[in-house]
Amino acid sequence: MQDKLMLMIPGPTPVPERVLLAMAQHPIGHRSGDFSKIIAELNENLKWLHQTKNEVCTLCASGTGAMEAGIINFLSKGDRVLVGNNGKFGERWGKVAKAFGLDVEEITAEWGKGLNPDDFKAKLEADTEKKIKAVIVTHSETSTGVLNDLETINKYVKAHGEALIIVDAVTSLGAVNVPVDEWGLDVVASGSQKGFMIPPGMGFVAVSEKAWKAYETSNLPKFYLDLGAYKKANAKDSSPFTPPINLMYGLKAALEMMKEEGLENIFARHKYLTQITREGVKALGLPLFASDNDAALAITAVAPDNHDAEAIRSAMRKRFDIALAGGQDHLKGKIFRIGHLGFVSERDVYTALSALKEVISSL
Ligand SMILES: *Cc1c(COP(=O)(O)O)cnc(C)c1O
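It should be emphasised that the depicted structure is a prediction, and the values quoted were computed from it without experimental measurement.

A closer look at the environment of Thr52
- Position of Thr52 relative to the elements: it lies in the loop between α2 (33-50) and β2 (55-59).
- In the structure, Thr52 is positioned 154 residues away from Ala206 in sequence and 8.3 Å away in space, judged by C-alpha atoms.
- Ignoring sequence-local partners within four residues, the contact set of Thr52 consists of Lys47, Val180 and Asp181.

Right, dumping it as structure tokens:
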């Protein structure tokens, strides 16, 4: 049916009407006093969302751009970095780091399993010469529906003392607790089309004082993504280049909605939605791809052993106008993923589960 599409993918996620309407305005001049006020409010609310006093830089880029900025601003050619790789995104950050000439060592885990913090501990403790300059971790690995144990990995990074912790929080920020200051996370990157409840096009990078010190000596090439320019502009409630003005109207409304709901309630809602999704899928006799221990609280990956995952996805789309995500790379056809991130309610999950029940019985 036309205009009935329901997004149950882990990004882009559904956008509330309040946000859509906020964006349906003429853009105003980004150097105007009125827009400065908006930037000031956004920066304050972004700090609230990140639970930090650190600078949060807003980029006109997708989440990958935010992560690339988070890597290239604080490191130098040949720097040794540990990169956690247990899925498509972890794999990507290894590729970005290599593209910029970093000395990459990957810490891997099977796709569908969480990274083992002890693997990081061993490498960091063995590094007595403090050659490791950063540890790059994907908090919520969207490709497999796994939440990595960032808190424990970060403890080992802190014990090392030299290395920065650089976090892909794209599907964890705004869904699960990411207390940036409490944990002392140095670089935290995210994107607008996931937990933020706004369309794609904006990236965010929160940067600690320790990371800004590393910025001073970083020699990797950068221009548009040079975060120093964003920091300077933030101090003047401004932006270095033309920002995505209408998306920022949307962000303003989305952050207001998040503040009204409250962080604790947002986290509790995502946890609950994960629980009912997992229970519902199990009740249909479909195996879950990640264990209860490893499960991400934003996406549920399902590995239907008796059916082609793509056939389920296609029937969900054709018959019910519900979009689910597929598996990537070697997981294509083996898993499908249900997104329950951002502007998603209990009703949405039950709707998707009922449709899934119909689809399974008709296949
Ligand atoms: C979506 C996502 C990204 C960013 O992808 P873009 O397409 O560049 O926005 C990065 N990491 C994770 C874990 C994601 O889910």
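Things to note about the UniProt feature "domain: Aminotransferase class V" (unreviewed entry) in the protein chain
- The sites that carry the UniProt feature "domain: Aminotransferase class V" (unreviewed entry) are, in the present numbering, residues 11-328.
- The distance separating the terminal C-alpha atoms of residues 11-328 is 14 Å; by composition the span is 44% helix and 16% strand.

Side note on the UniProt feature "binding site: substrate" (unreviewed entry) in the protein chain
- With numbering aligned to this structure, UniProt lists the feature "binding site: substrate" (unreviewed entry) at Arg337.
- Secondary-structure assignment places Arg337 in strand β14 (residues 336-339).
- Arg337 gets classed as buried once you look at its relative accessible area, which sits at 7%.
- Within the structure, Arg337 has its side chain in polar contact with the backbone oxygen of Thr142 (distance 2.8 Å).

Re the pattern of salt bridges
- Going through the model one piece at a time under the given rule, you end up with 22 salt bridges.
- Note that Glu162 and Lys133 form a salt bridge whose closest N and O atoms lie 3.2 Å from each other. Residue Glu162 is located in the loop between α6 (150-160) and β8 (164-168), and its partner Lys133 is located in strand β5 (residues 132-138); the two are separated by 29 residues in the primary sequence.
- Lys252 serves as the salt-bridge partner of Glu256, at 3.2 Å between the closest nitrogen and oxygen. Of the two residues, Glu256 and Lys252 are both situated in helix α10 (residues 245-261); the distance of four residues between them amounts to about one turn of the helix.
- Accessibility expressed as a relative area gives 24% for Lys252, which makes it partly exposed.
- When salt bridges that share partners are traced, they join Arg18, Glu41, Lys252, Glu256 and Glu260 into one network.

Brief notes about α2
- Between its first and last C-alpha atoms α2 spans 26 Å; for 18 residues at 1.5 Å apiece the expected length is 26 Å, and the two agree.
- All of the buried residues in α2 are Phe35, Ile38, Ile39, Leu42, Asn43, Asn45, Leu46, Leu49 and His50.
- Within two residues after α2, Gln51 carries a phi angle of roughly 55 degrees, on the positive side.

Quick notes on helix α4 (residues 88-99)
- With twelve residues, α4 extends 16 Å between its outermost C-alpha atoms, agreeing within 8% with the 16 Å of an ideal straight helix rising 1.5 Å per residue.
- For α4, the complete set of buried residues consists of Lys88, Phe89, Gly90, Trp93, Gly94, Val96 and Ala97.

Quick word on the site of the ligand
- In the vicinity of the ligand there are 14 residues, among which Ser62, Thr64, Thr142, Asp168 and Lys194 approach most closely.
- At a separation of 2.5 Å, an oxygen atom of the ligand approaches a polar side-chain atom of Thr64.
- Between the ligand and Gln193 there is a distance of 2.7 Å, counted from an oxygen atom to a side-chain nitrogen or oxygen.
- Computed on the free molecule, the ligand has an accessible area of 380 Å², of which 88% lies beneath the protein chains in the complex.
- The element that contributes the greatest number of residues to the shell around the ligand is α4, accounting for three residues.

Things to note about the sheet that holds strand β13 (residues 325-326)
- Strand order in this open sheet of three strands is β11-β14-β13, and the pairing throughout is antiparallel. Edge strands, defined here as strands with exactly one partner in the open sheet, are β11 (299-302) and β13.
- Alignment of β13 against β14, held across two bridges, turns out to be antiparallel. In the strand pairing of β14, Gly326 is matched with Phe336.
- Of the strands in this sheet, β11 and β14 touch helix α11 (residues 263-283), which is tilted by about 15 degrees from β11.

So, how was this worked out
Residues numbered from 1 in each chain as written. Predicted model: local features only at pLDDT ≥ 70, side-chain atom pairs only at ≥ 80, totals over all residues. Heavy atoms only, no water. Helix = DSSP H or I, 4+ residues; strand = E, 2+ residues; numbered from the N terminus. Contact = heavy atoms within 4.5 Å. UniProt positions renumbered as here; feature names shortened; annotations may be inferred. Buried < 20%, exposed > 50% of the residue type's maximum accessible area, 1.4 Å probe, protein only. Polar contact = N/O pair within 3.5 Å; in protein donor to acceptor, adjacent residues only side chain to side chain. Salt bridge = Lys/Arg side-chain N within 4 Å of Asp/Glu carboxyl O. Expected span 1.5 Å × (residues − 1). Near = heavy atom within 4 Å. Areas by Shrake-Rupley, 256 points an atom, 1.4 Å probe, with all protein chains shown as cover. Pairing = 2+ DSSP bridges. Axes fitted to C-alpha atoms, helices over the stretch in contact; angles between N-to-C directions.

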